[in-house]
Amino acid sequence: MKNNKLFILFFFSISLSSQIDQSKGSFEDKFRQLDEYYPTPNELRTASGSPGNDYWQQEVDYFIQVKLDEKSRSISGELEITYKNNSPYTLNYVWLQLDQNRFKEDSIHRLTETFSRSERISFEQLREQNFLDDFSAGLKNLTVKVNNQDVKTFNVGTLMRINLPMPLISNDKVKISVDWENMLLEENAVRARSGYETFQDGNDIFLLAQWYPRMVAFSDYEGWHNKEFIDNGEFTLEFGNFEVEITVPSDHVVAATGEIANANEVLSRKIRNRLREASKSDVPIFIVDPNEAYENELEKSNELKTWKFKADNVRDFAWASSRKFIWDAAGFQQDEKNNPVVMAMSFYPNEGEPLWSKYSTEAIMHTMEVYSKYSFPYPYPTAQSVNGPVGGMEYPMITFNGPRAELEDDGTRTYSRREKEYLIGVVIHEIGHIYFPMIVNSDERQWTWMDEGINTFLQYLAEQEWDLKYRSDRGEPRYIVDYMKSNYQVPIMTNSESILQFGNNAYAKPATALVILRESILGRELFDLAFKEYANKWKFKRPTPYDFFRTMEEASGTDLDWFWRGWFYSTDHVDIALEKVFKASLDTLDPKKDLEKDRSDFYDEPLVIHDEKNLSAGIRQRVEERPQLLDIYDEYDEFTPSKREIRDYEDVLEDLYDRNDSDPEWRKKALIKALDKNENYYILEFNNLGGLVTPIPLQIIYEDGSEELVRIPAEIWRKNPRKSRWLKRTSKEVSSILVDPYWETGDVEIENNYYPSRLVPSRLKPITYRSNPKNLMRDLLERNKKITNHQDQD
């Protein structure tokens, strides 16, 4: 620490210095209000972040009949859409989404795919190219009618404009009929979020998503959401009711959005009894057990069966079908009188065992328990996790999740710790998406972070409530630092198709920001109240980012514009350096006492090296040889108070007298009281090197062994966002100070957080060849096998 005298005018000089630093040429107001960037509040969306009295959204109901042709791996379908115009506007045309057209050779998606390396190509790229070369992409034999009339249509990439035969006025309905066919993609060859996977036994798992023509959303803030689906910006949809009839081979098991409407026709009595038993069980029960699934794989029936599903108030519909499925289920009990039991169900092949039966349905129930605590009770009758070729995707009441066990040489299956955590994490994430955005219906095509980032934040909470030892990849501030200081990035508030480093930008950064907001700024209780307010007011409605920002501020009573500006509108990062620490004492203004302090400070300084060497060499000083050269200045040093200084002291005391105050001696009393406290004044100088303003958590350790945690609010940066000084008064002696001791702010450089600076811990590891990933289960089984063989030999 540096010694420094603290004069009464110190504070005024600091204030003046700050004003100089804030010249208009360099000052940037990090606390400027964001109202100028937000849409103006109105009767549709209020300044408090709530839906207004005039809020509206469209309604879209679907009746669909679809047939799966297992041999050709294709589907054919007919649908009837009932579209209700709840807007105050008259519509002369509507738009359909034809997402399967994304894979056509002339699509924006295919034509704008970039190639990263000029000298290399991956086997995955070769596989995809070969598949698409032979694939007949897009919707075929597409016919559209409106109220049973032929209409004029226009295809625009993955969209179709339908001119209505008559204008659709407010509060009126129109019926749109569509017939189509399309081939299914091999998901392992083409990243499509849906498709089929073929196993060595010749059987398939079919995952159907984005599989039918869907209405484009029409909203108050954008009109028609007719930005084409390219790849990253997922789906913006309307709520409605679905009735779907799915015809598949009779030995298939079908999982889908909603509830089975014809269970007596498609399920045996044994299966129905098991489902009833499972609805009363809080642990998973096999509905179709592994042996039964294996038997189904061998049959390969040529007969067909039609499964009927019904789903109310959902924004989409997805389904899965296979004869390979094991099926387990449990009844998730919740405190909700309108929906007290949710059927948590998992569907997976024998290739997923023993991993899936142990963890999938348990993870579904855990997700609903945690997410409901922070938002609202789960409103649907089912929540499902289906294993297949899709790594992780979400739809109302059903999710697709990819992790599997590993096949060993002896035919057994094991799983690594990584695969276990992958399954638990992806099930939590995808089931969590049923809350966000399947219920809180944000616009994925425009703002990916509103569903992926918010959901990843809640996923982090759920993972840590599953097991504190769970290694969450996203949400923990320490894991975001490399991304935050990187140059290749854009703000979170960037359109989905223009995002750089997609996973970090749309998932990890907003999740981390919300963790910091909850743990280090608002506190858990206040954050949770505000977040639950947002979730409930926008349940089954379509919020924008501005509705989220406004709700969190209104419900918490906290100005957070600086936080949204820094984390969501900029690419700044957190790097707070504890640049200097001054240790000061308060002067008495009495020259006798203060000059004595000066003398002590002076003689505490090290001797000049030249003088030190002269003394060591025995070189005699002139004044030692001729003492007659000494005079009064050698007898009295510069720290001896003069008579004038003593007289001036009397004048200073007189100046402290304030005749215009009711207590004329208040200055003198303040000084005496402060001196009586006998405190040390520690002045901490912080530099904001990353630009992102943030609270400053401080751990102060004193020489007596005691500790203190101080949290300095972010407003310390409001007058100067680059540099700030903060005063700590204490009667104790400070031993050390550490900024962000719990790594809670995402500070990208912790080594400048220490006072005094620490020795940086490090290790030198000899270079070796990379070993295979750990699989402790495999190692343990091999060890047990060797022990058994040895015992048999004995």
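Residues numbered from 1 in each chain as written. Predicted model: local features only at pLDDT ≥ 70, side-chain atom pairs only at ≥ 80, totals over all residues. Heavy atoms only, no water.

1. Re the packing of aromatic side chains
Thinking step 1. Taken as a whole and judged by the stated rule, the model has 55 aromatic pairs.
Thinking step 2. Relative to Phe 242, the ring of Tyr 62 lies with its centre 4.6 Å away and its plane at 15°, an arrangement referred to as stacked. Within this pair, whereas Tyr 62 is found in strand E2 (residues 59-69), its partner Phe 242 is found in strand E15 (residues 240-249), the two being separated by 180 residues in sequence.
Thinking step 3. On the basis of relative accessible area, Tyr 62 is assigned to the buried category, the value being 6%.
Thinking step 4. On the accessibility criterion, Phe 242 (1% relative accessible area) is buried.
Thinking step 5. On the basis of an interplanar angle of 25° and a centroid distance of 5.9 Å, the ring pair of Phe 242 and Phe 317 is categorised as stacked. In this pair, Phe 242 sits in strand E15 while Phe 317 sits in the loop between strand E19 (304-314) and strand E20 (319-322), placing the two residues 75 residues apart along the sequence. (Phe/Tyr/Trp six-rings, centres within 6.5 Å; stacked < 30°, edge-to-face > 60°. Helix = DSSP H or I, 4+ residues; strand = E, 2+ residues; numbered from the N terminus. Buried < 20%, exposed > 50% of the residue type's maximum accessible area, 1.4 Å probe, protein only.)

2. Some remarks on helix H20 (residues 666-677)
Thinking step 1. Between the first and last C-alpha of H20 there are 17 Å, a value that for twelve residues agrees with the 16 Å anticipated at 1.5 Å per step.
Thinking step 2. Immediately downstream of H20, the backbone of Asn 678 shows phi near 50°, a positive value. (Expected span 1.5 Å × (residues − 1).)

3. Side note on the confidence of the model for the protein chain
Thinking step 1. Averaged over the protein chain, the pLDDT score is 91; the fraction of residues at 70 or greater is 94%.
Thinking step 2. Low pLDDT (under 50) marks residues 5-23, which in the prediction has 22 contacts with non-local residues, meaning those over four places away or in another chain. (pLDDT = per-residue confidence, 0-100. Contact = heavy atoms within 4.5 Å.)

4. Things to note about the nonpolar core
Thinking step 1. With 195 residues, the main nonpolar core has Tyr 83, Trp 211, Trp 319, Phe 548, Trp 564 and Phe 686 as its most contacted residues.
Thinking step 2. At ten residues, the largest contribution of residues to this core is made by helix H7 (residues 355-374).
Thinking step 3. Those residues within four positions of Phe 686 in sequence are excluded, and the remaining contacts are Ile 576, Ala 577, Leu 578, Ile 696, Leu 698, Ile 712, Trp 717, Arg 722, Lys 723, Ser 724, Trp 726 and Val 739.
Thinking step 4. If you look at the next biggest cluster of nonpolar residues, it comprises seven residues, including Phe 582, Leu 671, Tyr 681 and Ile 683. (Core = buried A, V, L, I, M, F, W, Y, C linked by side-chain atoms within 4.5 Å.)

5. Focus on the pattern of salt bridges
Thinking step 1. Scanning all chains against the criterion turns up 44 salt bridges.
Thinking step 2. We note a salt bridge from Arg 274 to Glu 292, for which the minimum N-O separation is 2.8 Å. Of the two residues, Arg 274 sits in helix H5 (residues 269-279) while Glu 292 sits in helix H6 (residues 290-299), which places them 18 residues apart along the sequence. Residues Arg 274 and Glu 292 agree in their burial class; the two are buried.
Thinking step 3. Measuring nitrogen to oxygen at the nearest pair gives 3.3 Å for the salt bridge that ties Lys 669 to Asp 663.
Thinking step 4. Lys 669 sits in the partly exposed class, given a relative accessible area of 47%.
Thinking step 5. Here Asp 663 falls in the partly exposed class, since its relative accessible area comes to 27%.
Thinking step 6. Look at the salt bridges and you will find they share partners, linking Arg 102, Arg 191, Arg 193, Asp 231 and Glu 234 into a network. (Salt bridge = Lys/Arg side-chain N within 4 Å of Asp/Glu carboxyl O.)

6. Some points on the pairing of strand E25 (residues 398-401)
Thinking step 1. Burial along E25 is two-sided: the face carrying Ile 398 and Phe 400 and the face carrying Thr 399 and Asn 401 are both buried.
Thinking step 2. With four bridges connecting them, strand E23 (residues 382-387) and E25 associate as parallel partners. Looking across to E25, one finds that Gln 384 is bridged to Ile 398.
Thinking step 3. Where strand E24 (residues 392-395) and E25 come together, four bridges link them in antiparallel fashion. Bridge assignment links Gly 392 to a residue of E25, and that residue is Asn 401.
Thinking step 4. Connecting E24 to the next strand, E25, in antiparallel fashion are two residues, including Met 397 with a positive phi near 70°. (Pairing = 2+ DSSP bridges.)

7. Examining the sheet that holds strand E30 (residues 696-702)
Thinking step 1. As summarised here, the arrangement of the four strands in space is E31-E30-E33-E34, forming an open sheet in which the pairing is antiparallel. This sheet does not close on itself; its edge strands, each paired only once, are strand E31 (707-712) and strand E34 (754-755).
Thinking step 2. As paired strands, E30 and E31 are joined by six bridges and run antiparallel to one another. Within the sheet, the bridge partner assigned to Ile 701 lies in E31 and is Glu 707.

8. Some details on the environment of Glu 277
Thinking step 1. You can see Glu 277 is positioned in helix H5.
Thinking step 2. A relative accessible area of 47% means that Glu 277 is categorised as partly exposed.
Thinking step 3. Once the C-alpha coordinates of Glu 277 and Ala 261 are considered, the two residues, 16 residues apart in sequence, prove to be 19 Å apart.

9. Re the side chain of Asp 316
Thinking step 1. Relative to the helices and strands, Asp 316 resides in the loop between E19 and E20.
Thinking step 2. For Asp 316, the side chain forms a polar contact with the side chain of Tyr 212, separated by 2.6 Å.
Thinking step 3. There is a polar contact of 2.7 Å between the side chain of Asp 316 and the side chain of Arg 214.
Thinking step 4. When neighbours within four sequence positions are excluded, Asp 316 is seen to be in contact with Tyr 212, Arg 214, Leu 237, Phe 242, Thr 257, Tyr 395 and Pro 396. (Polar contact = N/O pair within 3.5 Å; in protein donor to acceptor, adjacent residues only side chain to side chain.)

10. Notes on unusual backbone geometry
Thinking step 1. Glu 353 connects to Pro 354 through a cis peptide bond whose omega is 5°.
Thinking step 2. Its place among the elements puts Pro 354 in the loop between strand E22 (341-348) and H7.
Thinking step 3. Going from Tyr 755 to Pro 756, the amide bond is cis rather than trans, its omega being -10°.
Thinking step 4. Within the secondary structure, Pro 756 is located in the loop between E34 and helix H21 (776-793).
Thinking step 5. Residues other than glycine seldom take positive phi values, yet Asn 171 does so here, at roughly 70°.
Thinking step 6. Locating Asn 171 in the fold gives a position in the loop between strand E8 (159-168) and strand E9 (173-183).
Thinking step 7. For Asn 171, a relative accessible area of 55% gives the class exposed.
Thinking step 8. In this structure, Phe 540 is a non-glycine residue whose phi angle is positive, near 60°.
Thinking step 9. Within the secondary structure layout, Phe 540 lies in the loop between helix H12 (524-537) and helix H13 (545-556).
Thinking step 10. Overall, the relative accessible area of 18% leaves Phe 540 in the buried class.

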